[in-house]
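# Structural characterization, general
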Amino acid sequence: MSLSVNPNDLALLAVMRRYFLVKDEVNVLKARLEAARKDVAEEISRFYDPRTNATHAEDILTWHRLRKEMDELMSLAATWGRGGNIETQELASEASAEPAAANIPSFLDVRPSLD
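A brief look at the structure comes next.

### Some details on the pattern of salt bridges
All chains considered together, the criterion is met by 5 salt bridges. Residue D59 pairs with R32 through a salt bridge whose shortest N-O separation is 3.3 Å. You can see D59 sitting in helix α3 (residues 57-81) and its partner R32 sitting in helix α1 (residues 7-40), a full 27 residues away along the chain. R32 sits in the partly exposed class, given a relative accessible area of 46%. We note a salt bridge from R46 to E42, for which the minimum N-O separation is 3.8 Å. Residue R46 is classed as partly exposed on the basis of its relative accessible area, which comes to 42%.

Now the structure itself:
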């Protein structure tokens, strides 16, 4: 028995792998920010405003960027779920920051089979 996987399916695997890596990073960052907020007993809206919290502004902006990337990754997965082709899609956040290949590993050369 042979299982063939097309490049679009492999793209989904890469997207979901990246999603869970980013999710883990977001959770660690959020926990660090929440601990800092509680240490200073600051209200949520003031603490998470990078304009009023210069100390943590970089982490706050990173958290927002990562959340946006998670949303984009889920959008790609939804496109795949509706039968769309995602293998040539590039995330907007990656296009402005780094090449897509640096963040989402390519599995297009992998040819899994079950014999």
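Continuing now.
### Concerning the packing of aromatic side chains
Here the structure, examined in full by the defined rule, presents 2 aromatic pairs. Taken together, a centroid distance of 5.1 Å and an interplanar angle of 90 degrees make the contact between Y19 and F20 edge-to-face. Among the residues examined, Y19 registers a relative accessible area of 13% and is labelled buried. Measuring from ring centre to ring centre gives 5.1 Å for F47 and Y48, while their planes differ by 80 degrees; the resulting arrangement is edge-to-face. Among the residues examined, Y48 registers a relative accessible area of 15% and is labelled buried. Here the basic side chain of K30 rests over the ring of Y48, its NZ or CZ set 4.4 Å away from the ring centre. The ring of W63 is capped by K30, whose NZ or CZ atom sits 4.9 Å from the centre of that ring.

The rules behind these values
- Residues numbered from 1 in each chain as written.
- Predicted model: local features only at pLDDT ≥ 70, side-chain atom pairs only at ≥ 80, totals over all residues.
- Heavy atoms only, no water.
- Salt bridge = Lys/Arg side-chain N within 4 Å of Asp/Glu carboxyl O.
- Helix = DSSP H or I, 4+ residues; strand = E, 2+ residues; numbered from the N terminus.
- Buried < 20%, exposed > 50% of the residue type's maximum accessible area, 1.4 Å probe, protein only.
- Phe/Tyr/Trp six-rings, centres within 6.5 Å; stacked < 30°, edge-to-face > 60°.
- Lys NZ or Arg CZ within 6 Å of the ring centre and 35° of its normal.

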